[in-house]
Amino acid sequence: MISFSVAIDPNKGIGYKGALPWHLKDELQIFKRNTLYKNIVMGQTTYDGLPNKLKDRYITVISIDHSYRPLDVKVEYDLIEFLKKHEDDETEYIICGGASIYRQSYSYCKKAYVSFVKKEYEVDTRFDSFDINDWEITLEEDHPDFIYRELSRKK
Ligand SMILES: NC(=O)c1ccc[n+]([C@@H]2O[C@H](COP(=O)([O-])OP(=O)(O)OC[C@H]3O[C@@H](n4cnc5c(N)ncnc54)[C@H](OP(=O)(O)O)[C@@H]3O)[C@@H](O)[C@H]2O)c1
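Owing to the predicted nature of the structure, the values given are computational and were not obtained by experimental measurement.

In terms of helices and strands, the protein carries 4 helices and 10 strands. Secondary structure of the protein in N-to-C order comes out as β-β-α-β-α-β-β-α-β-α-β-β-β-β. Computed over the C-alpha atoms, the radius of gyration of the protein is 15 Å, within 12% of the 15 Å expected from 2.2 N^0.38 for a compact globule of 155 residues. In the protein, which comprises 155 residues, the share counted as buried stands at 29%.

Attention shifts here to unusual backbone geometry. In this chain, Gly97 is followed by Gly98 through a cis amide linkage whose omega measures -5 degrees. By the element assignment, Gly98 lies in the loop between strand S6 (93-95) and helix H4 (99-105). With a phi angle near 65 degrees, Lys12 is a residue other than glycine that sits in the positive phi range. The residue Lys12 is located in the loop between strand S1 (2-8) and strand S2 (13-15) in this model. The phi dihedral of Tyr37 is positive, around 60 degrees, even though this residue is not glycine. Looking at the secondary structure, you find Tyr37 in the loop between helix H1 (25-35) and strand S3 (39-43).

Take the site of the ligand next. For the ligand, the set of nearby residues contains 28 residues, the closest of which are Gly15, Gly43, Thr45, Gly97 and Gly98. Going through the elements one at a time, S1, S2, S3, helix H2 (44-49), helix H3 (79-86) and H4 are the ones with two or more residues in the shell around the ligand. Considering only residue class, the shell around the ligand consists of 14 nonpolar, 13 polar and 1 charged.

Formed by 31 residues in total, the largest nonpolar core has its most connected members in Phe4, Val6, Val41, Met42, Ile94, Ile95 and Tyr102. Those elements that provide at least two residues to this core are S1, S3, strand S4 (58-62), H3, S6, H4, strand S7 (109-117) and strand S10 (146-153). For this core, the element with the most residues is S7, which contributes 5 residues. Those residues in contact with Val6 that lie beyond four places of it in its chain are Ile14, Gly97, Tyr102, Val114 and Phe127.

With 0 of 8 residues buried, strand S9 (residues 135-142) lies mostly on the surface of the structure. Both S9 and S10 contribute to a ladder of 7 bridges, which runs antiparallel. Paired with Ile137 across the strands is Leu151, a residue of S10.

Moving on: the environment of Lys111. Examined against the element boundaries, Lys111 turns out to sit in strand S7. Take Lys111: there are 17 C-beta atoms within 10 Å of it, and that puts it in the partly exposed class. Spatially, the C-alpha atoms of Lys111 and Glu92 are 9.6 Å apart, while their sequence positions differ by 19 residues. If near-sequence neighbours (up to four positions away) are discounted, Lys111 is found in contact with Met1, Ser3, Leu151 and Ser152.

So, how was this worked out
Residues numbered from 1 in each chain as written. Predicted model: local features only at pLDDT ≥ 70, side-chain atom pairs only at ≥ 80, totals over all residues. Helix = DSSP H or I, 4+ residues; strand = E, 2+ residues; numbered from the N terminus. Rg over C-alpha atoms; globule rule 2.2 N^0.38 Å. Buried ≥ 20, exposed ≤ 12 C-beta atoms within 10 Å, placed from the backbone. Near = placed C-beta within 6 Å. Nonpolar A, V, L, I, M, F, W, Y, C, P; charged D, E, K, R; others polar. Core = buried A, V, L, I, M, F, W, Y, C linked by C-beta atoms within 7 Å. Contact = placed C-beta atoms within 7 Å. Pairing = 2+ DSSP bridges.

Here it is as structure tokens:
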């Protein structure tokens, strides 16, 4: 199964200058809780922009650059082939961005972990294809700076 995890502002903003537009400690804790010891998938730009390397997760990085070989992670060079191969697996693969990877993966995702950030931020990267009407809310938690929701794709 393919799912995604994202933090998104009211204008669907997700990134600024290669990083997150915000620093929300409790949101990062939720990301950690959801992804620990799981398979996570992210684009090269997002992976290279991580302030700290993510420990205790099975990371796949998507890149078109066949000479790109970061240590300790798997690299896949064809995202769509990867998604088609794993969409019916029992094992969950969590797409963790960024914008180009979310956009191409969106229709394959059956589940989502979304933090709806309450404030508007200056952004240069959005997740425009995300539409809340495609989803049923299965869990909701109110936090001071964001509402965390788990979503299941409508049948
Ligand atoms: N708010 C959140 O939850 C969240 C989460 C993650 C990331 N972000 C933010 O999103 C921004 C980065 O997003 P981005 O869109 O610039 O980069 P990205 O999606 O992280 O990575 C794009 C990389 O993947 C490659 N790629 C794209 N499609 C591919 C495919 N089909 N097969 C193989 N390789 C492919 C691209 O190559 P080409 O360049 O040649 O196309 C590029 O190297 C950052 O600001 C980051 O902080 C936010």
